[in-house]
Amino acid sequence: MSNPQLLVHEKKDTVGVVVVEGLKAGTDMLCVVTHDNSDFRLTAKMDIPIGHKVALKDIKKGDTIWKYGQDIGKAVADIGKGEHLHVHNVKTKRW
């Protein structure tokens, strides 16, 4: 297996984390689910920095974001599959 560009922790997660420097839009990423070591492919729709999140499916404004099998917040804008998630489109539910 090649080195993955994206790691996903649990099958229910709606985001994965970029684990390589310089990920460019159009990259056909190898994505690995760490819970069971399964893998899949996903195309990055934009340049995404290392350590940042990528949508694994289309996410609608108001949807819960799942990472590590946990609720980590909500989408404050629609986010397309393969797009970057960060403070511009995801917020905590705490406030």
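The rules behind the values
- Residues numbered from 1 in each chain as written.
- Predicted model: local features only at pLDDT ≥ 70, side-chain atom pairs only at ≥ 80, totals over all residues.
- Heavy atoms only, no water.
- UniProt positions renumbered as here; feature names shortened; annotations may be inferred.
- Helix = DSSP H or I, 4+ residues; strand = E, 2+ residues; numbered from the N terminus.
- Buried < 20%, exposed > 50% of the residue type's maximum accessible area, 1.4 Å probe, protein only.
- Lys, Arg positive; Asp, Glu negative; His and termini not counted.
- Salt bridge = Lys/Arg side-chain N within 4 Å of Asp/Glu carboxyl O.
- Contact = heavy atoms within 4.5 Å.
- Pairing = 2+ DSSP bridges.

In the annotation of an unreviewed UniProt entry, the protein chain is listed under the name (2R)-sulfolactate sulfo-lyase subunit alpha and assigned to Bosea thiooxidans.

Visitor: Now, about the UniProt feature "domain: SAF" (unreviewed entry) in the protein chain: what can you tell me, with residues and values included?
Guide: UniProt annotation of "domain: SAF" (unreviewed entry) refers to residues 14-91 when read in the numbering used here. In the segment residues 14-91, helix accounts for 0% and strand for 42%; the C-alpha atoms at its two ends are 15 Å apart.

Visitor: Could you give an account of unusual backbone geometry, naming the residues involved and the relevant values?
Guide: Backbone geometry at asparagine 37 places phi at a positive 65°, although glycine is not the residue there. As for its placement among the helices and strands, asparagine 37 is situated in the loop between β3 (28-33) and β4 (38-43).

Visitor: Which residues make up the side chain of lysine 53, and what values go with them?
Guide: Among the structural elements, lysine 53 can be located in strand β5 (residues 53-55). Of the buried charged residues, lysine 53 lacks a salt bridge, with aspartate 13 as the closest side chain of opposite charge at 11 Å. Not counting residues up to four positions away in its chain, the partners in contact with lysine 53 are Val15, Gly16, Ile48, Lys67, Ile72, Glu83, His84 and Leu85.

Visitor: If you had to explain the pairing of β3 to someone new, which residues and values would you point to?
Guide: Of all 6 residues in β3, 5 are buried; the element is thus mostly enclosed. Pairing of strand β1 (residues 6-8) with β3 involves 3 bridges; the strand directions are parallel. Counterpart to leucine 7 in the pairing with β3 is valine 32. The pairing of β3 with β4 spans 6 bridges and is antiparallel. When the bridges of β4 are listed, leucine 30 appears paired with arginine 41. Counted along the chain from β3 to the antiparallel partner β4, the turn is 4 residues long, and its residue asparagine 37 has a positive phi close to 65°.

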